[in-house]
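# Coordinates in review
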Amino acid sequence: MIHIDINTLPINKQFRRQLIKPDTWLIIPFDQDMAVPHPHVIIGEEKALVMDTTYTTLPLRKYIEECVTDKPLVVACSHSHFDHTDANWQFNDCPIYMSQSAWEEISARRKGGTTPFGAPPKGDYIPIILKPGDVIDLGNREIEVIPYTGIHSNTSLFYLDKKYGVLFTGDEIECGQMLVGGRPGSPSCIELLRDNLVTLIRDWGDQIDCICPPHNGSPIHGSFLGLLVENCERILSGIQGDPDVGSMTYLYNPAEARSEEMIKRALADPKSFRSEWKGTSIVYNIDRVFKSQVQ
Ligand SMILES: [Fe+2]
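Values in this document were obtained by computation on a predicted structure and should not be read as measured data. (Residues numbered from 1 in each chain as written. Predicted model: local features only at pLDDT ≥ 70, side-chain atom pairs only at ≥ 80, totals over all residues.)

### A look at the overall build of the protein chain
To keep it simple, the criterion reads: In this text, helices come from DSSP runs of H or I with a minimum length of four residues, and strands from runs of E with a minimum of two, each type numbered from the N-terminal end. Using C-alpha atoms as the atom set, the radius of gyration is obtained and then compared with a globule rule of 2.2 Å times the number of residues to the power 0.38. With C-beta atoms placed from the backbone, a residue counts as buried when 20 or more other C-beta atoms lie within 10 Å of its own, as exposed when 12 or fewer do, and as partly exposed for counts between those limits. We call two residues in contact when the distance between their C-beta atoms, placed using the backbone, is within 7 Å.
Each helix and strand counted, the protein chain has 8 helices and 16 strands in total. For the protein chain, whose C-alpha radius of gyration is 19 Å, the value lies close to the compact-globule estimate of 19 Å for 295 residues. Residue burial in the protein chain is summarised as follows: out of 295 residues, 41% are buried. A separation of at least 24 residues holds for 65% of the contacts in the protein chain among residues at least 6 apart in sequence.

Pasting the structure below:
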């Protein structure tokens, strides 16, 4: 078999792109690490927005500028996690949007702290802080930050493209597995996830045509939200998931970024389960099902 070093290929071979909606692209980098999430590019009449730069080591900005759009670039971050933000340095001189809590986490890491997954991030940009109700106007294309309480991360923001009904959710909603995380003191639990989803459908459902997550497949039809509610209801009714929580993109991934010890611990955790239902998958802890358990 011929081994090809991806770094030696021309820029238009290091990535591929897939059209989601008019002027809306999914960008797929050919990193060796199959866990690298996928950025999206949303193009307006005046600017183009890069949703999650990821942690690709390939020249993402160069690819976008040469092969996707010649509009000035801005960046938005779905949440703080390193695999969504560590390539922000490539866009150091562009406006970069994120939540206040995401900025607190990233600036703490920049000062020398590290996460279990990565070293301090490169770059010295100062972001523009967003909150629900804020709008990024790309020129005849408005991206609104809509309310959502993060379950996967308390740094999450949801961005709704009002023109084409595309919702960008980061890791909060996706097909492979939704990880209901939670450090001590966090309110994350299945009951809160269910309530979040019901509120999202009630208040914004008629404006959401599709959902574009960075991991495990984009786009997803908006009706996926209702199936997730069903999955939550099953867990809340006492139907327990599979004790094997791993998948080919979580813990079993050959290029998994987590340490061997952490993977073994996660796979052997007697309190963690994977609940699969109609294409949805939720990885949760039995100590984080009801609100009464985490209050
Ligand atoms: Fe994440």
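### So, unusual backbone geometry
In this structure, the amide linkage connecting S218 to the following residue, P219, adopts the cis form with an omega of 5 degrees. By secondary structure assignment, the location of P219 is in the loop between strand 13 (210–211) and strand 14 (220–221). Positive phi values are uncommon outside glycine, yet D23 reaches one of about 55 degrees. Inspection of the secondary structure puts D23 in the loop between strand 1 (15–21) and strand 2 (24–29). Phi is positive for T54, which is not a glycine, with a value near 70 degrees. Mapped onto the elements of the fold, T54 is located in the loop between strand 4 (48–51) and helix 2 (60–68).

### Some remarks on the environment of S80
Structurally, S80 can be placed in the loop between strand 5 (73–76) and helix 3 (82–85). Along the primary structure S80 and E104 are separated by 24 residues, whereas in three dimensions their C-alpha atoms are 8.9 Å apart. If we skip the residues at most four places from it in the chain, S80 touches T85, A102, E105, I106, S153 and T155.

### Concerning the sheet that holds strand 16 (residues 280–285)
Filter applied, for reference: Between any two strands, at least two bridges found by DSSP are needed for them to pair.
The strand order 12-16-15 describes an open sheet built from 3 strands, whose pairing is mixed. Edge positions in the sheet fall to strand 12 (178–179) and strand 15 (272–277), since each has one partner strand and no second.

### As for the sheet that holds strand 6 (residues 96–98)
Pairing in this open sheet of 7 strands is mixed, and the strands run 1-2-3-4-5-6-7 from one edge to the other. Looking along the sheet, the strands with just one partner apiece sit at the ends: strand 1 and strand 7 (128–129).

### A short note on the nonpolar core
Definition in use: Working definition: the nonpolar core is a set of buried Ala, Val, Leu, Ile, Met, Phe, Trp, Tyr and Cys residues, joined through C-beta atoms within 7 Å.
One finds L49, Y97 and V180 to be the most contacted residues of the largest nonpolar core, which totals 66 residues. Those residues in contact with V180 that lie beyond four places of it in its chain are I151, S188, C189, I190, L193, I282, V283, Y284 and R288.

### Details of helix 2
Spelled out, the test is: Read the arc as the range of directions from the helix axis to the C-beta atoms.
Listed in full, the buried residues belonging to helix 2 are L60, Y63 and I64. On an axial view of helix 2, the arc spanned by its buried residues comes to 100 degrees, and they lie on one face. On the buried face of helix 2, the contacting elements are helix 1 (11–14), strand 1, strand 2, strand 3 (40–43), strand 4 and strand 5.

### Re the pairing of strand 2
Across 6 bridges, the pairing between strand 1 and strand 2 is antiparallel. The residue bridging R16 from the neighbouring strand is I28, located in strand 2. Linking two consecutive strands that pair antiparallel, namely strand 1 and strand 2, is a turn of 2 residues; a positive phi of about 55 degrees is found at D23 within it. Looking at chain direction, strand 2 and strand 3 are connected through 3 bridges and run antiparallel. Of the residues in strand 3, the one forming a bridge with T24 is I42.

### Considering the packing of helix 5 (residues 190–204) against helix 6 (residues 224–236)
To keep things clear, this is the line we draw: Here the axes come from fitting lines to C-alpha atoms, over the contacting stretch only for helices, and the angles between their N-to-C directions go from 0 to 180 degrees. Any angle that is under 35 degrees is reported as roughly parallel, and any over 145 degrees as roughly antiparallel; angles of 65 to 115 degrees are reported as roughly perpendicular and all others as oblique. What makes a crossing left-handed is the near helix being turned counterclockwise from the far one by less than a right angle; a clockwise turn instead makes it right-handed.
Relative orientation of the contacting elements helix 5 and helix 6 amounts to 150 degrees, with a least axis distance of 9 Å. When the interaxial angle is binned, helix 5 and helix 6 end up roughly antiparallel. Helix 5 and helix 6 meet at a crossing whose hand is left-handed. Counted together, I190, E191, L193, R194, L197, V198, L200 and I201 of helix 5 and L225, G226, L228, V229, C232, E233, I235 and L236 of helix 6 form the full contact between these two elements.

### Comments concerning helix 4 (residues 100–110)
The complete set of buried residues in helix 4 reads A102, W103, E105 and I106. Buried positions in helix 4, seen along its axis, are confined to an arc of 165 degrees and lie on one side of it. Looking at the buried side of helix 4, the elements it contacts are helix 3, strand 6 and strand 7. Within two residues after helix 4, G112 carries a phi angle of roughly 120 degrees, on the positive side.

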